[in-house]
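Remarks on the overall topology
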Amino acid sequence: MDENLISINNLTFGYGKELLHKDINMEFNRGKVSAIMGGSGCGKTTILKLIGGQLKPNSGSVTVDGKVVHEQDREGLQCIRRKMGMLFQHGALFTDLSVYENVAFPMREHTDLPENVIKDLVLLKLNAVGLRGAHKKMPAELSGGMARRVALARAISLDPDIIMYDEPFAGLDPISMAVICDLIRSLNDALGATSIIVTHDVAETFSFADYIYFLADGSVAAEGSPKQLLASKLPFVKQFIHSEKDGPVPFHTEAPSYQSDLSL
Amino acid sequence: MERVKLDIWVGIFVALGIIAMFYLATRVGNLTSNDVKKTYEVKAYFENIGGLKPRAAVKASGVVVGRIGSIVFDPEAFHAVVKIDIDQRYEFPLDTFANIYTAGLLGEQYLSLEAGGDDVNLKAGDLIVHTQDAVVLEKLISQFLYSSAGDDKDKNKDKD
Amino acid sequence: MMNNILNFLENLGASARSSLAGLGACVRLFFLTIIYSSDSFKRFNLTIKEIYFTGVLSLVIIIVSAFFVGMVLGLQGYYTLEKYGSSEAIGVLVALALVRELGPVVTALLFAGRAGTAITAEIGLMKTTEQLSAMEMMAVSPIARIVAPRFWAGMISMPILATVFSMVGILGGYFIAVLVIGVDDGAFWSQMQANVDFHNDIVDGAIKSVVFGFACTLIALYQGLVAPPTAEGVSRATTKTVVISSLSVLGLDFVLTSFMFV
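Because the structure is a prediction, the values reported are computed rather than measured.

Looking only at helices and strands, one finds three helices and eight strands in chain B. In sequence order, chain B lays out its α and β elements as α-α-β-β-β-β-β-β-β-β-α. Every one of the 160 residues in chain B was classed for burial, and the buried ones make up 21%.

Moving on: the interface of chain A and chain C. Each side of the interface is counted separately: chain A has 14 residues, and chain C has ten residues. For the side of chain A that touches chain C, a count of residues per class yields six nonpolar, five polar and three charged.

To continue, consider the domain arrangement of chain B. Domain boundaries assigned for chain B yield domain 1 (1–31) and domain 2 (36–143). Distance from the C-alpha centre of domain 1 of chain B to the C-alpha centre of domain 2 of chain B: 40 Å.

A separate point is the nonpolar core. By size, the foremost hydrophobic cluster in this structure holds 149 residues, and its most contacted members are Ile-51, Val-150, Ala-151 and Met-164 of chain A together with Ala-95, Cys-216 and Leu-221 of chain C. In terms of residue count, the dominant contributor to this core is helix α7 (residues 142–181) of chain C (21 residues). Contact partners of Cys-216 of chain C, with chain neighbours within four places excluded, come to Ala-108, Phe-111, Ala-112, Gly-116, Gly-154, Ser-245 and Val-249 of chain C. Within the second largest apolar cluster, 19 residues are counted, among which are Ile-86, Tyr-110, Leu-111 and Leu-113 of chain B.

Contacts between the two partners involve 24 residues from chain C and, on the opposite side, 18 residues from chain B. Among the elements of the structure, α3 (44–54), α5 (90–128), α7, α8 (185–195) and α9 (198–226) of chain C are those that each provide at least two residues to the side of chain C that touches chain B. Ranked by residues supplied to the side of chain C that touches chain B, first place goes to α7 of chain C with six residues. Class assignment of the residues belonging to the side of chain C that touches chain B gives a composition of 16 nonpolar, five polar and three charged.

What follows concerns the pairing of strand β3 (residues 33–38) of chain A. Residue and element names in this part refer to chain A. Counting buried positions over the six residues of β3 gives five, a clear majority of the element. Looking at chain direction, β3 and strand β8 (residues 194–199) are connected through five bridges and run parallel. Paired with Val-33 across the strands is Ser-195, a residue of β8. Relative to strand β9 (residues 211–216), β3 is paired through five bridges, and the arrangement is parallel. Bridge pairing in β9 places Met-37 opposite Phe-214.

Strand-to-strand pairing in sheets goes through backbone hydrogen bonds, with the strands running parallel or antiparallel. Residues and elements named next belong to chain A. Strand order in this open sheet of six strands is β6-β7-β8-β3-β9-β10, and the pairing throughout is mixed. The sheet terminates laterally at β6 (84–87) and β10 (219–224), the two strands that pair on one side only. Each strand axis lies, on average, 15° off the axis of its neighbour in the sheet, ignoring direction. Strand direction decides the pairing type here: strand β7 (residues 162–166) and β8, joined by five bridges, are parallel. By the bridge assignment, Asp-166 is partnered in β8 with Val-198. In this fold helix α5 (residues 144–155) packs onto β6 and β7, with an angle of close to 170° to the strand it touches most, β6.

How two helices pack is summed up by the angle between their axes together with the distance between the axes. Residues and elements named next belong to chain C. Closest axis-to-axis distance for the helix α4 (residues 59–83)/α7 pair is 7 Å, and the angle between their directions is 45°. Put simply, α4 runs oblique to α7. Of the two possible hands of crossing, α4 and α7 adopt the one that is right-handed. Along the lines of polarity and charge, the residues of the contact of α4 with α7 split into 20 nonpolar, five polar and no charged.

Moving on, we get to helix α10 (residues 231–260) of chain C. For an α-helix, the turn length of 3.6 residues means that residues three or four places apart are oriented alike. Residues and elements named next belong to chain C. Over its 30 residues, α10 runs 43 Å from end to end, which matches the ideal 44 Å to within 8%, given 1.5 Å per residue. Within the sequence span of α10, burial applies to Val-234, Ala-237, Thr-238, Thr-241, Val-242, Ile-244, Ser-245 and Val-249. Buried residues along α10 sit against α5 and α9.

What follows concerns the sheet that holds strand β1 (residues 39–46) of chain B. Residue and element names in this part refer to chain B. Across the sheet, which stays open at both edges, the eight strands sit in the order β7-β1-β4-β3-β2-β6-β5-β8 with mixed pairing between neighbours. Bordering the open sheet on either side are β7 (127–128) and β8 (130–132), each of which pairs with just one other strand. The pairing of strand β3 (residues 63–74) with strand β4 (residues 79–87) spans eight bridges and is antiparallel. Residue pairing across strands places Ile-71 opposite Val-82, the latter belonging to β4.

On to α5 of chain A. Residues and elements named next belong to chain A. For α5, built from twelve residues, the straight-helix expectation of 16 Å at 1.5 Å per residue is met to within 8% by its first-to-last C-alpha distance of 16 Å. Most of α5 is tucked away, with ten of its twelve residues classed as buried. Three or more residues of α5 are buried, namely Met-146, Ala-147, Arg-148, Arg-149, Val-150, Ala-151, Leu-152, Ala-153, Arg-154 and Ala-155. Residues of α5 that are buried sit in contact with β6, α3 (99–110), α4 (115–128), β7 and α6 (174–191).

Residue and element names in this part refer to chain A. Inspection of the secondary structure assignment puts Val-62 in strand β4 (residues 59–64). For Val-62, a count of 24 C-beta atoms within 10 Å translates into the label buried. Ignoring sequence-local partners within four residues, the contact set of Val-62 consists of Ile-8, Leu-11, Leu-50, Ile-51, Pro-57, Val-69 and His-70.

For the rest of this paragraph, the subject is unusual backbone geometry. The bulk of non-glycine residues show a negative phi, and the bulk of peptide bonds are trans. For Asn-10 of chain A, which is not glycine, the phi torsion reads 45° and is therefore positive. With respect to the element layout, Asn-10 of chain A can be found in strand β1 (residues 4–13). The backbone phi angle of Glu-130 of chain C is positive, close to 65°, even though this residue is not glycine. With respect to the helices, strands and loops of the structure, Glu-130 of chain C is situated in the loop between α5 and α6 (131–137). Owing to 20 C-beta atoms within 10 Å, Glu-130 of chain C belongs among the buried residues under this scheme.

Calculation rules
- Residues numbered from 1 in each chain as written.
- Chains lettered and ligands numbered in written order.
- Predicted model: local features only at pLDDT ≥ 70, side-chain atom pairs only at ≥ 80, totals over all residues.
- Helix = DSSP H or I, 4+ residues; strand = E, 2+ residues; numbered from the N terminus.
- Buried ≥ 20, exposed ≤ 12 C-beta atoms within 10 Å, placed from the backbone.
- Contact = placed C-beta atoms within 7 Å.
- Nonpolar A, V, L, I, M, F, W, Y, C, P; charged D, E, K, R; others polar.
- Domains from an automatic or database assignment.
- Core = buried A, V, L, I, M, F, W, Y, C linked by C-beta atoms within 7 Å.
- Pairing = 2+ DSSP bridges.
- Axes fitted to C-alpha atoms, helices over the stretch in contact; angles between N-to-C directions.
- Parallel < 35°, antiparallel > 145°, perpendicular 65-115°, else oblique.
- Left-handed = near helix turned anticlockwise from the far one by under 90°.
- Expected span 1.5 Å × (residues − 1).

Okay, structure coming up:
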């Protein structure tokens, strides 16, 4: 069995003329929690979309479990996606369905399970994220943190092999952040899944991730386990990890000289 | 939204639509029982059909007894062939007159059937022999002009 | 000066090209909807829910508007016909105007404003909050689950609404002409029945309403799907739905009328 469940080979991608990713190589091992980090707008979320087949690369390939994603037909793509669960940045719960219905949605669409079995499974998933008591509520009644947890329960609805998280810590209070951290690690281990997290939260991620990729300027600037990166001498990594205001990623965007702007 | 309540409302909605259609068809339109009854077809030849159109009324004594089926031009005999669908309830003798009249002063034209006295009745496919063409306004006027011109000529002749 | 003219022409060309591209994309959406329509009928509950939201909830505005339109027709028609001594033809006037034109067209315009904007806003918001993306990632086609049921709901609702409009409008005309003004009851209905042909008038009006339903629903769905995922984007999209739907309905009305009634 291939150690890499997902591998990205020589990937080049851009919306239009500007390339977002230039010849990137990444590998995600089975059963591990990997993180993709980088500044805003460097194309982290786009990698998730490329893995899920929502976007096609300009050149290079993304391979999931031996199958090249962008070469799949509709059936093949459905097959790959059924093995994936994705947690979107703000939950993306279906607003016209209740919490219970949201978590039951993948089961109803892809399986023929009878209602009582679905009920048991839904409550099981909700219990795993600690929201079994909220199953009758509508998404509008939930707080941000709770909505994200329900979305997580929905993402693991069919016990996926791959779980992807798009900025799971963005905008959460410290307690909710700790909860999500814990859930990501424990669910990954309990399900034997492979998790990929896109984030720029250093402290949280470094506490439980197995392997981290840094993206900058369209390529992998650094990669390694948290220990390796903490010890790294690379200026970009240091700036990011130690939250420095200025460094390889400059504070000032490109502009003509200050003097000429002030017309002196 | 519970399923049962939803279904009830949608059912009411569709039923309303069907009722409305039914209402329009029967009370507003002319889809009377006549149109769905069985008919038999007879032919008639006309030199000039005037403004007669397919689906125009065919009346006997002013009562609608059928509809015009189709009107085509016969290029060999140079007359119009009008196919008439008559309600099966009504039978007409062989020597029936088929005349094209106008409803009202400037209204639509319709076909009027005036029964003759024959013992034998028209069957499907028969030809109505006695026909009267539509009145064409221009011919009427020119007739009037020529006949009055003729009168004047006679008067002048008498004077001389 | 020259620059301005050139810019203007360039913008005109660009907007013409984007309109054509939009039309093409709409056609493609239609074919995709048809291909993915099996779910809308196998799980008819989805479609029924949408028929409720587009059709049943529009009933109130349709019925009220129809009644007023019918009454106005009765009023205006009576005073005009009376000058020619033909006030008894008021029934024919009201019925033909409604069944042939006002029923399908006004219903379509109201439908675009009420149900069309609701569809566009809903889908636009689903796009903005990534619900459509989430659905895609769960291997469920948003076209099959969201777009197709709404499309068929619109196609079913519109003719029903238009027919109801015609019926209520005629009753409104009857109310004014016979009950208020005093035109003869018998003459009202008999003249109408003599001059309104089921096949030519009523059926053709129904065909029009089906075509309008198709256009309005498809435009609403398309605008929702391509709305930029921002608050401003969605609001602009709903405006576009109303404007484009209305213009299409009026344009199609002209085309269909010239086929059917001439």
